[in-house]
Amino acid sequence: DAGVIQSPRHEVTEMGQEVTLRCKPISGHDYLFWYRQTMMRGLELLIYFNNNVPIDDSGMPEDRFSAKMPNASFSTLKIQPSEPRDSAVYFCASSFSGGSTSGYTFGSGTRLTVV
Amino acid sequence: TQLLEQSPQFLSIQEGENLTVYCNSSSVFSSLQWYRQEPGEGPVLLVTVVTGGEVKKLKRLTFQFGDARKDSSLHITAAQPGDTGLYLCAGASWAGSYQLTFGKGTKLSVIP
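Computed from a predicted structure; not experimentally measured.

Caption draft 1: Spotlight on the sheet that holds strand S6 (residues 55-58) of chain B. Residues and elements named next belong to chain B. Strand order in the open sheet formed by five strands is S1-S3-S8-S7-S6, and the pairing between neighbours is antiparallel. Of all strands in the sheet, those with a lone pairing partner are strand S1 (5-7) and S6, marking the two edges. In this sheet, neighbouring strand axes are inclined to one another by 15° on average, regardless of whether the strands run parallel or antiparallel. Alignment of strand S7 (residues 61-65) against strand S8 (residues 71-76), held across five bridges, turns out to be antiparallel. The residue of S8 that forms the bridge with threonine 62 is histidine 75.

Caption draft 2: Region of interest: the interface of chain A and chain B. Contact with chain A, which involves 23 residues of that partner, is made by 22 residues of chain B. Here chain A meets chain B over a buried area of about 1,700 Å², counting both sides, of which 51% is carbon and sulfur. When residues of chain A are sorted by the area they lose upon contact with chain B, Leu43(A), Ser100(A) and Tyr104(A) head the list and together hold 30% of the total. One can count zero salt bridges joining chain A with chain B. The tally of links from chain A across to chain B stands at six residue pairs in polar contact (both at pLDDT 80 or more). When contributions to the side of chain A that touches chain B are tallied by element, the ones reaching two or more residues are strand S4 (31-38) and strand S5 (42-50) of chain A. Residues belonging to the side of chain A that touches chain B are distributed by class as follows: 10 nonpolar, 10 polar and three charged.

Caption draft 3: Structural view of the pairing of strand S3 (residues 19-24) of chain A. All names here are of chain A. Where strand S1 (residues 5-7) lies against S3, three bridges are found, and the strand directions are antiparallel. Looking at the pairing, serine 7 lines up with arginine 22 of S3. Two elements, S3 and strand S8 (residues 74-79), share five bridges in a ladder whose sense is antiparallel. Looking at the pairing, valine 19 lines up with isoleucine 79 of S8.

Caption draft 4: Highlighting the sheet that holds S3(A). Residues and elements named next belong to chain A. Spatially, four strands are ordered S1-S3-S8-S7 in an open sheet, and the strand pairing comes out antiparallel. For this open sheet the edge positions go to S1 and strand S7 (65-71), each flanked by a neighbour on one side alone. Mean inter-strand twist for the sheet, computed between neighbouring axes without regard to direction, equals 15°.

Caption draft 5: Highlighting unusual backbone geometry. The linkage connecting Gln80(A) with the following residue, Pro81(A), adopts the cis geometry, with an omega of -10°. For Pro81(A), the location among the structural elements is in the loop between S8 and strand S9 (88-95). Of note, the amide linkage connecting Ser7(B) to Pro8(B) takes the cis form, showing an omega dihedral of -10°. Turning to its location among the elements, Pro8(B) is positioned in the loop between S1 and strand S2 (10-14). At Lys59(B), a residue that is not glycine, the phi angle is positive and equals roughly 55°. Looking at the secondary structure, you find Lys59(B) in the loop between S6 and S7. For Lys59(B), a relative accessible area of 83% puts it in the exposed group. Phi is positive for Ala78(B), close to 50°, though the residue is something other than glycine.

Caption draft 6: Inspection of the state of the cysteines at higher detail. On inspection of all chains with the given rule, the structure shows two disulfides over all chains. The disulfide partner of Cys23(A) is Cys92(A), and the S-S distance across this bridge is 1.9 Å. Of note, the bridge from Cys23(A) to Cys92(A) carries an S-S torsion of about -65° and is left-handed in sense. Pair noted here: Cys23(A) is in strand S3 and Cys92(A) is in strand S9, with a separation of 69 residues, a long-range link. There is a disulfide in this structure between Cys23(B) and Cys89(B), and the S-S distance comes to 2.0 Å. Across the disulfide from Cys23(B) to Cys89(B), rotation about the S-S bond amounts to roughly 80°, and the bridge is consequently right-handed. Of the two residues, Cys23(B) is situated in strand S3 (residues 19-24) and Cys89(B) in strand S9 (residues 85-92); the sequence distance between them amounts to 66 residues. By the burial criterion, Cys23(B) is buried, and Cys89(B) matches it.

Quick notes on the rules
Residues numbered from 1 in each chain as written. Chains lettered and ligands numbered in written order. Predicted model: local features only at pLDDT ≥ 70, side-chain atom pairs only at ≥ 80, totals over all residues. Heavy atoms only, no water. Pairing = 2+ DSSP bridges. Helix = DSSP H or I, 4+ residues; strand = E, 2+ residues; numbered from the N terminus. Axes fitted to C-alpha atoms, helices over the stretch in contact; angles between N-to-C directions. Contact = heavy atoms within 4.5 Å. Buried area = accessible area lost by both parts, 1.4 Å probe. Salt bridge = Lys/Arg side-chain N within 4 Å of Asp/Glu carboxyl O. Polar contact = N/O pair within 3.5 Å; in protein donor to acceptor, adjacent residues only side chain to side chain. Nonpolar A, V, L, I, M, F, W, Y, C, P; charged D, E, K, R; others polar. Buried < 20%, exposed > 50% of the residue type's maximum accessible area, 1.4 Å probe, protein only. Disulfide = S-S within 2.5 Å.

This is the structure in structure tokens:
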């Protein structure tokens, strides 16, 4: 398996524009997580899915953020409109059966810069 | 909200030295994981510890879970430049938990 695949690796956009981040989890994993990483706050959980169903989105900063998982092999995180404070590295991770012992497999991340 | 405090925040050592980094909480975790993250990449799982007092070894890395399952340590013997990276601990609050709490990490630099 190629691991968790995220695209794009880098995204530079202007304030107010829509940004869509993409993720392909590992085949067979039933949990998918979206995290945001900054120097100040570390890794923050934004939302997670179980069997394509959103379970907890309490970490989503505000209504500008939305996430979907239309099928077991694809998820998107959308920011509309984007703001400079959204600049961060966004990670997608997947796991089998919750990951409390097997752990998470992370993608390489998308570095988002909003100017 | 369960918090994991990692110390030190930054550590710079010479190749060949030994080091220990710590992960502490006031909460009990059913399991604790350590990850290493290299620049430009996502975290990669190193180990999971489950039982209080458990010790696991991975080559030159030794991981210990505290008896009360509230803290953990990572000891590296004879550090090498390839050990450079951000070390993150993550705790699961109950067995089968689908949500991990991450610490902010210890950034380790090993100078040749």
